[in-house]
Amino acid sequence: MGKSTLFNAISGLQVEAANYPFATIEPNVGVVTVPEPRLDVLARIEKSKKTVPTVIEFKDIAGLVAGAHKGEGLGNQFLAHVREVDAIVEVVRFFEDKNITHVSGNVDPKRDIETIETELILADLQLVEKKNENFKKSARSGKHEDIVKAALAQKYFDALSAGRLASSVSITEEEQKFMFEFPFLTNKPILYVANVKSGETAPDNFLALDAQIESEIAQIPENERKHYLKELGLAESGLDRLIKAAYQTLGLQTFFTAGEQETRAWTITKGDKTPQAAGKIHTDFEKGFIKADVVAYDKFVEAPGWVKAREKGWARSEGKEYVVQDGDIMLFKFNV
Ligand SMILES: Nc1nc2c(ncn2[C@@H]2O[C@H](COP(=O)(O)OP(=O)(O)OP(=O)(O)O)[C@@H](O)[C@H]2O)c(=O)[nH]1
Ligand SMILES: [Mg+2]
């Protein structure tokens with residue numbers, strides 16, 4: 001509990017930040033800029049006219065009750081929304097407050113997590129049961145591909161029936177090629193947020209915050225907010241921690257372009273190589289990619305800037321096999 005409270009606080013922040021044009025796409029979808037202190041450092045060095053942050057999209061969805069996989073509550077709609085996202089932020093109520101009723105009568109984080117887990121597993125089980133049947137039939141043809149798919153379906157069926165998440169199943173490189181057949185909900189990364197009473201801690205692997213307090217902090221004007229957090233002895237708000245953690249849960253990282261016109265942060269998936277990074281800037285850049293000049297963030301700051309980094313020999317020339325590192329400052333050379 002606290003999803004909408006947090007969502008409103010997060011999307012409210014964006015209205016103030018106002019450096020991204022589509023703060024709200026639908027009432028329940030908010031585009032939020034990812035806090036990135038390195039962006040301003042780079043912009044100062046290059047005397048950039050503007051900075052452009054990277055963004056992440058949050059979706060606020062209805063709560064889930066037991067029986068959702070059979071359509072209880074807003075079950076089907078809920079599950080359809082979950083299917084569309086790349087990662088799940090699960091807000092779990094830890095705080096006690098007798099004025100705020102709990103849908104199940106009392107506060108019990110472990111039970112709530114299990115309820116959600118069970119519903120997601122049951123929904124996945126429905127999916128895999130159908131696939132399992134179909135693939136078993138087609139595997140009779142003896143075609144290698146169909147046999148692999150059938151075995152894969154069976155493997156997931158066994159795990160899910162035993163109450164395990166799809167993400168707990170390890171698969172081979174070959175099986176990975178057929179995973180598009182199995183869009184499991186329980187294969188999505190999950191970030192657990194403990195909605196605690198301010199100051200209380202949460203178990204390991206939970207991000208602890210007080211949704212109520214966060215929504216109040218979000219209403220303070222931005223220039224005063226930093227001061228207020230400092231007084232509380234906090235380096236950053238829970239919302240900033242949440243946005244960053246969500247970014248990491250998604251397996252994302254940031255590279256930069258920096259120049260006089262603009263300094264900009266770009267989002268890539270960990271493990272992406274130079275052509276994919278170039279493709280973020282323009283689709284044509286990926287196809288026409290030749291090479292990239294790359295300077296690591298620390299070196300770029302130490303130099304400081306492109307010109308001095310080149311003089312010092314810190315700007316490397318990288319080809320299409322280079323795996324982009326978080327914080328790289330990049331300049332692409334391409335054919336169009
Ligand atoms: N005391 C306290 N109340 C909270 C906190 N977070 C949320 N609430 C209250 O709990 C109620 C429900 O909060 P929501 O944010 O709407 O919860 P939700 O997860 O969106 O709920 P559903 O959409 O119904 O699943 C509201 O009355 C909130 O004010 C908190 O951290 N502390
Ligand atoms: Mg809500």
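Further up the page is the structure itself.
Predicted model, so just to flag it, every value in this text is computed and none were measured. (Residues numbered from 1 in each chain as written. Chains lettered and ligands numbered in written order. Predicted model: local features only at pLDDT ≥ 70, side-chain atom pairs only at ≥ 80, totals over all residues. Heavy atoms only, no water.)

A. Local environment of the overall build of the protein chain. The number of helices and strands found in the protein chain is 13 helices and eleven strands. Across its three principal axes, the protein chain shows a C-alpha extent of roughly 65 × 60 × 35 Å. With 336 residues in all, the protein chain has 43% of them scored as buried. In the protein chain, 64% of the contacts between residues at least 6 apart in sequence involve partners at least 24 apart. Counting every atom, the protein chain has about 18300 Å² of accessible surface; 51% of that belongs to carbon and sulfur. (Helix = DSSP H or I, 4+ residues; strand = E, 2+ residues; numbered from the N terminus. Buried < 20%, exposed > 50% of the residue type's maximum accessible area, 1.4 Å probe, protein only. Contact = heavy atoms within 4.5 Å. Areas by Shrake-Rupley, 256 points an atom, 1.4 Å probe, with all protein chains shown as cover.)

B. Region of interest: the site of ligand 1. Neighbouring residues of ligand 1: 13 residues in total, closest Gly-2, Lys-3, Ser-4, Thr-5 and Asn-195. Within the backbone of Ser-4, an N or O atom sits 2.9 Å from an oxygen atom of ligand 1. Contacts to ligand 1 include Gln-212, whose backbone N or O atom sits 3.3 Å from an oxygen atom. Relative to its unbound accessible surface of 650 Å², ligand 1 loses 68% to contact with the protein. Of all the secondary structure elements, the ones that give two or more residues to the shell around ligand 1 are helix H1 (3-17) and helix H7 (211-219). Here the shell around ligand 1 gets three residues from one element, more than from any other, and that element is H1. Across the shell around ligand 1, the residue classes break down as four nonpolar, six polar and three charged. (Near = heavy atom within 4 Å. Polar contact = N/O pair within 3.5 Å; in protein donor to acceptor, adjacent residues only side chain to side chain. Nonpolar A, V, L, I, M, F, W, Y, C, P; charged D, E, K, R; others polar.)

C. Region of interest: a nonpolar patch on the surface. A grouping of Tyr-228, Leu-232 and Leu-234 is seen on the molecular surface, where their side chains present a nonpolar patch of about 260 Å² in accessible area. Within the element layout of this structure, Leu-234 appears in the loop between helix H8 (222-231) and helix H9 (238-249). (Patch = residues over 30% accessible without salt bridge, like charges linked within 9 Å, V, L, I, M, F, W, Y side chains within 5 Å. Salt bridge = Lys/Arg side-chain N within 4 Å of Asp/Glu carboxyl O.)

D. How the structure looks around empty space enclosed by the protein. Per the counting criterion, the structure on display carries one cavity of 30 Å³ or more. Roughly 40 Å³ of volume is contained in the largest cavity. Secondary structure elements with two or more residues in the lining of the largest cavity: helix H4 (109-139) and strand E5 (190-195). Counting residues per element, the lining of the largest cavity draws most heavily on H4, at four residues. Both of domain 1 (3-97 + 188-249) and domain 2 (109-187) provide at least three residues apiece to the lining of the largest cavity. (1 Å grid on protein atoms, 1.4 Å probe; cavity = no way out; pocket = protein on both sides within 12 Å on 5 of 7 lines; lining within 4 Å. Points joined across faces, edges and corners; volume = space filled by probe spheres on them. Domains from an automatic or database assignment.)

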